[in-house]
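Coordinates in review
Each chain is listed here by its residues.
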Amino acid sequence: MPYIDKNKRELFNKYLEEIAKSIKNEGELNYCFYKLSCLLIERIGESYANLSMCSSAMEHAKLEWYRRKLVPYEDKKIKENGDI
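Attention in this report is confined to the structure presented alongside it.

Parameters at a glance
- Residues numbered from 1 in each chain as written.
- Predicted model: local features only at pLDDT ≥ 70, side-chain atom pairs only at ≥ 80, totals over all residues.
- Heavy atoms only, no water.
- Salt bridge = Lys/Arg side-chain N within 4 Å of Asp/Glu carboxyl O.
- Helix = DSSP H or I, 4+ residues; strand = E, 2+ residues; numbered from the N terminus.
- Buried < 20%, exposed > 50% of the residue type's maximum accessible area, 1.4 Å probe, protein only.
- Axes fitted to C-alpha atoms, helices over the stretch in contact; angles between N-to-C directions.
- Parallel < 35°, antiparallel > 145°, perpendicular 65-115°, else oblique.
- Left-handed = near helix turned anticlockwise from the far one by under 90°.
- Contact = heavy atoms within 4.5 Å.
- Nonpolar A, V, L, I, M, F, W, Y, C, P; charged D, E, K, R; others polar.
- Expected span 1.5 Å × (residues − 1).
- Bend = angle between axes of the 7 residues up to and from the residue.
- Polar contact = N/O pair within 3.5 Å; in protein donor to acceptor, adjacent residues only side chain to side chain.

1. Remarks on the pattern of salt bridges
Scanning all chains against the criterion turns up six salt bridges. Residues Glu 10 and Lys 6 are paired through a salt bridge, measuring 3.3 Å at the closest nitrogen-oxygen approach. Of this pair, Glu 10 and Lys 6 both sit in helix H1 (residues 6-20), separated by four residues, roughly a single helical turn. In this structure, Glu 80 and Lys 77 form a salt bridge, with 3.1 Å as the shortest nitrogen-oxygen distance. Taken together, the positions of Glu 80 and Lys 77, both in helix H3 (residues 48-81) and three residues apart, correspond to about one turn of that helix. What makes Glu 80 partly exposed here is its relative accessible area of 46%.

Written as structure tokens, this is what we have:
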């Protein structure tokens, strides 16, 4: 996961926190990911490199989510309930 400048994170977080207040389900979250990527492509132009960049960013964000959020949750549940 690329680490970005603290000032950029603060700027993005302000908007993302506001958006997150309105998301109620998986479909709405999926829409937000999709729409953000579409808006970016509209701004920077459609090319294989730009489309691939969006796809890659989504995949790497998914992997980071898995590593930082899902794995620790699974480890906690194994400790609570025992391994399979």
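2. Topic: the packing of helix H2 (residues 26-44) against H3
Two elements in contact, H2 and H3, have axes whose closest approach is 10 Å; the angle formed by their N-to-C orientations is 150 degrees. Our classification of the angle between H2 and H3 gives roughly antiparallel. The crossing of H2 and H3 is right-handed. Note on element contacts: H3 touches H2 through Asn 50, Leu 51, Met 53, Cys 54 and Met 58, opposite Ser 37, Leu 40, Ile 41 and Ile 44. Partitioning the contact of H2 with H3 into residue classes produces seven nonpolar, two polar and no charged.

3. Regarding H3
End to end, H3 covers 46 Å across 34 residues, agreeing with the expected 50 Å (1.5 Å per residue, within 8%). Along H3, the sharpest kink reaches roughly 35 degrees, centred on Tyr 66. Within H3 the residues assigned to the buried category are Asn 50, Cys 54 and Glu 64. Lining the buried residues of H3 we find H2. Positioned one or two residues after H3, Gly 82 has a phi angle of 90 degrees, which is positive.

4. Points about the environment of Tyr 31
Following the sequence through the fold, Tyr 31 ends up in helix H2. Overall, the relative accessible area of 48% leaves Tyr 31 in the partly exposed class. Between the alpha carbons of Tyr 31 and Ile 44 there is a distance of 20 Å; along the sequence they are 13 residues apart.

5. What to know about H2
The end-to-end C-alpha distance of H2, which contains 19 residues, comes to 27 Å, matching closely the 27 Å that a straight helix rising 1.5 Å per residue would cover. Looking at where H2 begins, the residue whose side-chain oxygen comes 3.0 Å from the main-chain nitrogen of Gly 27 is Asn 25.

In short, the description is geometric, and any link to function would need to be established separately.
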